[in-house]
Amino acid sequence: ISRRAITALHSPIRITLAGWLTPAMLGAVQMLGLMGILAITLGFTFDHPLGTLGIMVFASATFAAIILALNVWLGSVGQFLGLVLMVLQLVTAGGTFPWQTLPAPLAALHHVLPLGYVVDAMRQLMYGGDFARAGGDLAVLGVWLVSALLFAMIGVTRMTHRRTLRDLQPSLIG
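Report on the accompanying structure. Keep in mind it's a predicted model, so treat the numbers as computed, not measured.

Looking only at helices and strands, the protein chain has eight helices and zero strands in total. Starting at the N terminus and ending at the C terminus, the protein chain contains elements arranged as α-α-α-α-α-α-α-α. The buried share among the 174 residues of the protein chain stands at 36%. In the protein chain, 66% of the contacts between residues at least 6 apart in sequence involve partners at least 24 apart. As presented, the protein chain carries roughly 10200 Å² of accessible surface, and 72% of it is formed by carbon and sulfur atoms. If the 9 positive side-chain charges of the protein chain are averaged to one point and the 5 negative ones to another, these points end up 24 Å apart.

Here you go:
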């Protein structure tokens with residue numbers, strides 16, 4: 001989030017979207033590169049390549065929004081918690097081993113955290129599965145995306161209303 005934009009009292013919606021769009025677009029470029037490597041270099045085939053790419057880009061944008069919200073509210077602690085959240089999701093998502101084999105508390109997290117839905121949607125689109133199920137997974141990701149952006153926007157609004165003298169003379173970097 002740009003401290004200069006906050007100090008200039010720009011719209012919290014505009015500040016939040018500006019803080020989210022750059023990492024979301026970088027994530028989209030990375031997902032496009034990953035898809036190219038998988039399809040061209042490694043020769044993987046996809047039943048629905050554009051749908052698979054769409055899920056990858058949407059998931060990347062969702063995770064960028066979650067990290068943004070954590071960063072707005074908690075600063076560097078939020079960045080660390082985002083890393084912890086990603087590691088926890090890798091365990092509970094069911095991408096490397098069946099999530100049904102997890103202990104009950106971790107299995108419950110599978111149904112709450114977004115990466116499990118990404119893995120399920122990817123499987124449905126990569127291997128010709130059920131489009132309705134992938135659509136449900138996409139809806140859950142959409143709820144996570146909108147919620148994270150709203151949460152970040154509330155934090156930015158709070159920042160614009162609680163400024164200090166230090167904020168009025170922002171650093172040259174940010």
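Having seen the model, we can carry on.
With that settled, consider a nonpolar patch on the surface. On the surface, Leu74, Val77, Phe80, Leu81, Leu83, Val84 and Val87 cluster together to form a nonpolar patch covering roughly 630 Å² of accessible area. With six residues, the single largest contributor to the nonpolar patch is helix H4 (residues 76-92). Looking at where leucine 81 falls in the secondary structure, it is placed in helix H4.

What follows covers the side chain of histidine 110. Take histidine 110: it is sitting in helix H5 (residues 104-110). In this structure histidine 110 comes out as buried when scored by relative accessible area, which is 10%. Here the side chain of histidine 110 touches tryptophan 99 through a polar contact of 3.2 Å, side chain to side chain.

Cut-offs and rules
- Per-chain numbering applies: the sequence of each chain, read as written, is numbered from 1 onward.
- Owing to the predicted nature of the model, reporting of local features is limited to residues with pLDDT of at least 70; listing and counting of side-chain atom pairs is limited to 80 or more, with chain, interface and lining totals taken over all residues.
- Side-chain metrics rest on all non-hydrogen atoms present in the structure, leaving aside hydrogens and water.
- Each helix is a run of DSSP H or I of at least 4 residues and each strand a run of E of at least 2, with the numbering of both proceeding from the N terminus.
- Note on classification: 1.4 Å probe, protein chains only; a residue is buried when its accessible area is under 20% of the maximum for its type, exposed when over 50%, partly exposed between these limits.
- The contact rule is simple, with two residues in contact once any of their heavy atoms fall within 4.5 Å.
- Using a 1.4 Å probe, accessible areas were evaluated by the Shrake-Rupley method; residue-level cover was limited to the displayed protein chains.
- His is not counted, nor are the chain ends, whereas Lys and Arg count as positive and Asp and Glu as negative.
- To locate a charge, the coordinates of NZ of Lys, CZ of Arg, CG of Asp or CD of Glu are taken.
- Two joining distances apply to patches: 9 Å for like charges and 5 Å for nonpolar side chains (Val, Leu, Ile, Met, Phe, Trp, Tyr), and every residue must have over 30% relative accessible area and no salt bridge.
- Just to be clear on terms, a salt bridge is a Lys or Arg side-chain nitrogen sitting within 4 Å of an Asp or Glu carboxyl oxygen.
- Definition of a polar contact: a pair of N or O atoms within 3.5 Å, with one able to donate and the other able to accept a hydrogen when the atoms are protein atoms, and with sequence-neighbouring residues admitted only if both atoms are side-chain atoms.

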